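# Geometric and topological summary
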Amino acid sequence: MILLFTDFGLDGPYQGQMKMVLAARAPGIPVIDLMADAPVFRPQEAAYLLAALFPECPEGSVILAVVDHGVGGARPPLACKIAGRWLVGPGNGLLEILVRRYGVEDCREIVPEAGARLTASFHGRDLFAPAAARLALGDVPQAWPEREFPRHADWPDDWAAVIYVDGYGNLMTGLRAASLTADTRLKAGWQEVEKARTFSDLPKGQAFWYENSNGLAEIAVNQGSAAQMLGLKLGNPIVVIPS
Amino acid sequence: MILLFTDFGLDGPYQGQMKMVLAARAPGIPVIDLMADAPVFRPQEAAYLLAALFPECPEGSVILAVVDHGVGGARPPLACKIAGRWLVGPGNGLLEILVRRYGVEDCREIVPEAGARLTASFHGRDLFAPAAARLALGDVPQAWPEREFPRHADWPDDWAAVIYVDGYGNLMTGLRAASLTADTRLKAGWQEVEKARTFSDLPKGQAFWYENSNGLAEIAVNQGSAAQMLGLKLGNPIVVIPS
Amino acid sequence: MILLFTDFGLDGPYQGQMKMVLAARAPGIPVIDLMADAPVFRPQEAAYLLAALFPECPEGSVILAVVDHGVGGARPPLACKIAGRWLVGPGNGLLEILVRRYGVEDCREIVPEAGARLTASFHGRDLFAPAAARLALGDVPQAWPEREFPRHADWPDDWAAVIYVDGYGNLMTGLRAASLTADTRLKAGWQEVEKARTFSDLPKGQAFWYENSNGLAEIAVNQGSAAQMLGLKLGNPIVVIPS
């Protein structure tokens, strides 16, 4: 199957145009919107999110990952095999955390097809989707040269920052819950929050952190918006207060 | 086919993660987002909406219905066969109106698979999606014990309340249009509205009710927002004024 | 494959209900949301947008195009074969620009199936989706009479107006970039903007126009919202200042 992880949003024709390319070139292969609202133009936040979602992506799947504010700029277009899945996307750090956790089995630079259209603003459709279709069909083009994976070595293994704000105002962090302990407190904005098991364990309006369904430390407010109540948004730092 | 009726929204990874489970476990079975913006955390409103959409769900389909504010709490996870379709979801009243209208052929409590992950916050992915995949493949696990359907007997057959507000501000009610007559008036907020056939029959800005495409009485304003104009929102009561 | 181009939005059950009809009647045929947020109730704006997206729709595909403020009114329901694709939708001008650019190989009026439900408010599900399913299966019903395509001859070939505002506030126009020259300026609201290659060529906050990924002239602001900065919205005119 082919999984789409992008910041294009579901509005507009963008996801649909990529799916037309995939359906035409890899007919019969299921295509799933894993997430279309990845952090817009923020490959670092998206990198930690993608790494959290990755373990559930079935082995053998192809992940089309596009968060690419540098489209038309200089980052290399990559196809990387990581833990049995192919990932296709820009070499701007988006795959950094995956590579750090799982290593990279194969790293290639995608070469545009001769004669194919390559617009300046939509490499997702023109370059990455055709590449994902080929990989989904089992074809690793010889014309794509092997290369070093371009590292972002200064990024931390776990990142004490808000990497996604969901529709309820819950704040996902780049911290794996397993990297913390049950009595770790997090300072989020002006408030220190403690760990709880889940929403229903707490009084209404209480802020807390918990291990979310993807293994990340997530800051939430029971029946409220943590983003609003704590005044935090995407990219803002969090402080880990060791127990 | 498998139909998703949830309150997860299309943002975030939630629908996508359920679809990955379904595609991996029930390959080749089509999966359709019937609705991802069912009334959030409101199983009663959602129950009337699901019952209105149900007649069009093809016989033999499996409906994954998750509106589950008690996730991690005590409601039983159910698989119910109703009018030739399997429904999978929380036993919190979400299936009450369906059971009342069609009866229940088979009611079982879903038992988590031995050794499977079961997070506190995402039973849609960890419990209900795997169950739906098994049913879609024709497998009704013997390990799921039969049980009584947990009734919500105090809910009315038709509910004079706003059960959904669409993107245009139209107000769906829990009243089947067939339960009313052509000269029934509805009191919606401070205004009484009469029945009309459709939008184009009325002057701009006029409020009215009509039988919507799912058979429900829906309150609307021609080229305007009924929700704004009448000051109504999800769960608000409506008054039926008999003719 | 069947492509959906509608103004229904992804919220609510509307896209899902059409997909249930398609999956039941044309099993195995892939269905793709090309765009669900086409200009609401504005067939003229939508016509230029659809024409821009059309060249990428694979030959042999069926396009279900519904932007239909006159639903329940008098416009004829059409099935038109244009450049090797079938298009199904209301005869309200939505297909005008396609017909003008490619001609029409076959134009028929869709006749509802005998005995089928036809609600006043949801022809997308009740009339157009069943028609699209038949065409996708290769069945062009003899019962659908041939007819003249109802023209909107007064619409220009390229339209100097905003036809879509995307989530970033970028303004697509109904002007094909190929109809302009590299030194054409566009007057958008109170400001004249020049052509640039892409976003990264410009300082932050600078307005410009560029050829977007669908070949249209699009007005944008680097790292800002052109809609807000220029005070423009859907349907507003643009002025072409020849070089």
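These numbers were taken from a predicted model, which means no experiment stands behind them. (Residues numbered from 1 in each chain as written. Chains lettered and ligands numbered in written order. Predicted model: local features only at pLDDT ≥ 70, side-chain atom pairs only at ≥ 80, totals over all residues. Heavy atoms only, no water.)

### Section: the relation of the copies chain A and chain C
For the pair of chain copies, the relating operation is a rotation around an axis with a shift along it. Basically, it comes down to this: The copies are overlaid by a least-squares fit using only the C-alpha atoms of residues whose pLDDT is at least 70 in both copies. Every residue pair with non-hydrogen atoms within 4.5 Å of one another is taken to be in contact.
Here chain A sits on chain C after a turn of 120° about the axis and a move of 0.0 Å along it, with an RMSD of 0.0 Å. The two molecules are tied by a three-fold rotation axis, judged by turn and shift. In terms of C-alpha distance to the rotation axis, chain A has A:Leu10 as its closest residue, with the C-alpha 4.7 Å off the axis. An overlap of only 5% is found between the interface residues of chain A and their copies at the interface of chain C, pointing to separate contact surfaces.

### Observations regarding the packing of aromatic side chains
Residue and element names in this part refer to chain A. Heads up, the rule is: Each Phe, Tyr or Trp ring, with Trp reduced to its six-membered ring, pairs with another whose centre is within 6.5 Å; inter-plane angles below 30 degrees give stacked pairs, above 60 give edge-to-face pairs, and intermediate values give tilted ones. Comment: elements are numbered from the N terminus, with helices defined as DSSP H or I runs of at least four residues and strands as E runs of at least two. Categorising residues by exposure relies on relative accessible area from a 1.4 Å probe, with only protein chains included: less than 20% of the type maximum marks a residue as buried, more than 50% marks it as exposed, and the intermediate range marks it as partly exposed.
Counted according to the given criterion, the structure contains 21 aromatic pairs over all chains. Taken together, a centroid distance of 5.6 Å and an interplanar angle of 85° make the contact between Phe8 and Phe122 edge-to-face. Of this pair, Phe8 sits in the loop between strand 1 (2-6) and helix 1 (14-25) while Phe122 sits in the loop between strand 6 (106-109) and helix 4 (123-136), and the two are 114 residues apart along the sequence. Judged by relative accessible area, which is 18%, Phe8 ranks as buried. A residue is classified by how much of its surface remains accessible, and Phe122, at 3% relative accessible area, is buried.

### Considerations on the relation of the copies chain B and chain A
Mapping chain B onto chain A calls for a screw motion: a turn of 120° about the axis and a shift of 0.0 Å along it, with 0.0 Å RMSD after fitting. Interface residue correspondence from chain B to chain A reaches only 5%, placing this contact among heterologous pairings that use different surfaces.

### A look at the packing of helix 1 (residues 14-25) of chain C against helix 4 (residues 123-136) of chain C
Residues and elements named next belong to chain C. Selection rule: An axis is simply a line fitted to the C-alpha atoms; with a helix, the fit covers only the stretch in contact. Between two such axes, the angle follows the N-to-C directions and lies from 0 to 180 degrees. Two helices that cross are described as forming a left-handed crossing if the nearer one is turned anticlockwise from the farther one by less than a right angle, and a right-handed crossing if clockwise. Lys, Arg, Asp and Glu make up the charged group, whereas Ala, Val, Leu, Ile, Met, Phe, Trp, Tyr, Cys and Pro make up the nonpolar group; the residues left over, Gly among them, are polar.
Running from N to C, helix 1 and helix 4 point in directions that differ by 35°, and their axes come no closer than 9 Å. The element helix 1 and its partner helix 4 pack so that their crossing is right-handed. Contacts from Gln17, Met18, Val21, Leu22 and Arg25 in helix 1 reach Gly124, Arg125, Ala129, Pro130, Ala132 and Ala133 in helix 4. Each residue belonging to the contact of helix 1 with helix 4 can be placed in one class, and the counts come to 7 nonpolar, 2 polar and 2 charged.

### A closer look at the sheet that holds strand 4 (residues 77-82) of chain B
Either a parallel or an antiparallel arrangement is found when strands of a sheet pair, and the pairing is made through backbone hydrogen bonds. Residues and elements named next belong to chain B. Condition: We treat two strands as partners when DSSP finds at least two bridges between them.
Pairing is mixed in the open sheet, where 6 strands are placed in the order 2-1-3-5-4-6. The sheet is open, and its two edges are formed by strand 2 (31-35) and strand 6 (106-109), each paired on a single side. When strand polarity is set aside, the average angle formed by the axes of neighbouring strands in this sheet is 20°. Across the sheet, helix 4 (residues 123-136) is in contact with strand 1 (2-6), strand 3 (62-66), strand 4 and strand 5 (85-90); its angle to strand 3 comes to roughly 165°.

### Some details on helix 4 of chain A
All names here are of chain A. The condition that has to hold: For a helix, the expected span equals 1.5 Å multiplied by the number of residues minus one. The bend reported for a residue corresponds to the angle between axes fitted to the seven residues ending at that residue and the seven starting there.
Compared with an ideal rise of 1.5 Å per residue, which puts 14 residues at 20 Å, helix 4 spans 18 Å between its outermost C-alpha atoms and is within 8% of the ideal. Maximal helix bending in helix 4 amounts to about 35°, located at Ala129; proline Pro130 follows within four positions. Among the 14 residues that make up helix 4, 12 are buried, leaving the element largely enclosed by the rest of the structure. All buried positions along helix 4 are accounted for by His123, Gly124, Arg125, Asp126, Leu127, Phe128, Ala129, Pro130, Ala131, Ala132, Ala133 and Leu135. Of the surrounding secondary structure, the elements contacted by the buried residues of helix 4 are strand 1, helix 1, strand 3 (62-66), strand 4 (77-82) and strand 5 (85-90). Among the residues trailing helix 4, Gly138 stands out with phi positive, at a value near 90°.

### Quick notes on the pairing of strand 3 of chain B
In regular strands, side chains alternate between the two faces of the sheet. Residues and elements named next belong to chain B. Buried residues dominate strand 3, accounting for 5 of its 5 residues. Of the two faces of strand 3, both are covered, the one formed by Val62, Leu64 and Val66 as well as the one formed by Ile63 and Ala65. In this sheet, strand 3 lies alongside strand 1 in parallel orientation, the contact comprising 5 bridges. Looking at strand 3, one finds that Phe5 is bridged to Ala65. The sheet contact formed by strand 3 and strand 5 spans 3 bridges and is parallel. Bridge pairing links Ile63 to Leu87 in strand 5.

### As for the interface of chain A and chain C
Condition: Accessible-area loss on putting two parts together, using a 1.4 Å probe and summing over both, is the definition of buried area adopted here. Salt bridge, as used here, is a side-chain nitrogen of Lys or Arg placed within 4 Å of a carboxyl oxygen of Asp or Glu.
Contacts between the two partners involve 22 residues from chain A and, on the opposite side, 23 residues from chain C. Summed over both partners, the interface of chain A with chain C comes to about 1,700 Å²; 60% of that surface belongs to carbon and sulfur atoms. When the area that chain A buries against chain C is broken down by residue, the three leading residues are A:Pro13, A:Tyr14 and A:Met20, summing to 30%. Between chain A and chain C we count 2 salt bridges in total. A salt bridge links A:Arg125 to C:Glu56, with the shortest nitrogen-to-oxygen separation between them at 3.0 Å.

### Considering the interface of chain B and chain A
The criterion, for reference: Two N or O atoms count as a polar contact when they lie within 3.5 Å, although within protein this holds only if one can serve as hydrogen donor and the other as acceptor, and sequence-adjacent residues are included solely when both atoms are side-chain atoms.
Listed per partner, the contact involves 22 residues of chain B and 23 residues of chain A. Its largest share of buried area at the contact with chain A, chain B owes to B:Pro13, B:Tyr14 and B:Met20, together 30% of the area lost on that side. Inspection of the chain B/chain A interface yields 8 residue pairs in polar contact (both at pLDDT 80 or more). With 7 residues, the single largest contributor to the side of chain B that touches chain A is helix 1 (residues 14-25) of chain B. Of the residues contributing to the side of chain B that touches chain A, the split by class is 11 nonpolar, 6 polar and 5 charged.

### Some points on the pattern of salt bridges
It is possible for side chains bearing opposite charge to pair when their charged atoms get close. What the rule picks out here adds up to 51 salt bridges over all chains. Between A:Arg108 and A:Glu146 there is a salt bridge, and its shortest N-O distance comes to 3.7 Å. Here A:Glu146 lies in the loop between helix 4 and strand 7 (159-165) and A:Arg108 lies in strand 6, a separation of 38 residues in the sequence. By sharing partners, the salt bridges in this structure join A:Glu56, B:Arg117, B:Arg125 and B:Asp126 into a single network.

### Observations regarding the environment of B:Val66
Mapping B:Val66 onto the fold places it in strand 3. Considered as a pair, B:Val66 and B:Gly89 are 23 residues apart in the sequence and their alpha carbons are 5.4 Å apart.

### Observations regarding the nonpolar core
The condition that has to hold: Here the nonpolar core consists of buried residues drawn from Ala, Val, Leu, Ile, Met, Phe, Trp, Tyr and Cys, with membership extended through side-chain atoms lying within 4.5 Å.
Membership of the largest hydrophobic core comes to 64 residues, with the highest contact counts inside it found for B:Phe5, B:Leu50, C:Leu64 and C:Val88. When sequence neighbours within four positions are dropped, the list of residues in contact with C:Val88 reads C:Ile63, C:Leu64, C:Ala65, C:Leu78, C:Ala79, C:Ile110, C:Phe128, C:Ala131, C:Ala132 and C:Leu135.

### Here we look at the pairing of strand 12 (residues 216-221) of chain A
All names here are of chain A. In terms of burial, strand 12 is a largely internal element, 6 of the 6 residues being buried. As defined by bridge partners, strand 8 (residues 171-176) adjoins strand 12 across 3 bridges and the pair is classed as antiparallel. Counted as the bridge partner of Met172 is Glu218 from strand 12. Where strand 11 (residues 207-211) meets strand 12, 5 bridges bridge the pair, whose relative direction is antiparallel. What sits directly across from Glu211, in strand 12, is Ala217. Count of turn residues in the strand 11/strand 12 antiparallel hairpin: 4 residues, of which Gly215 carries a positive phi of about 85°.

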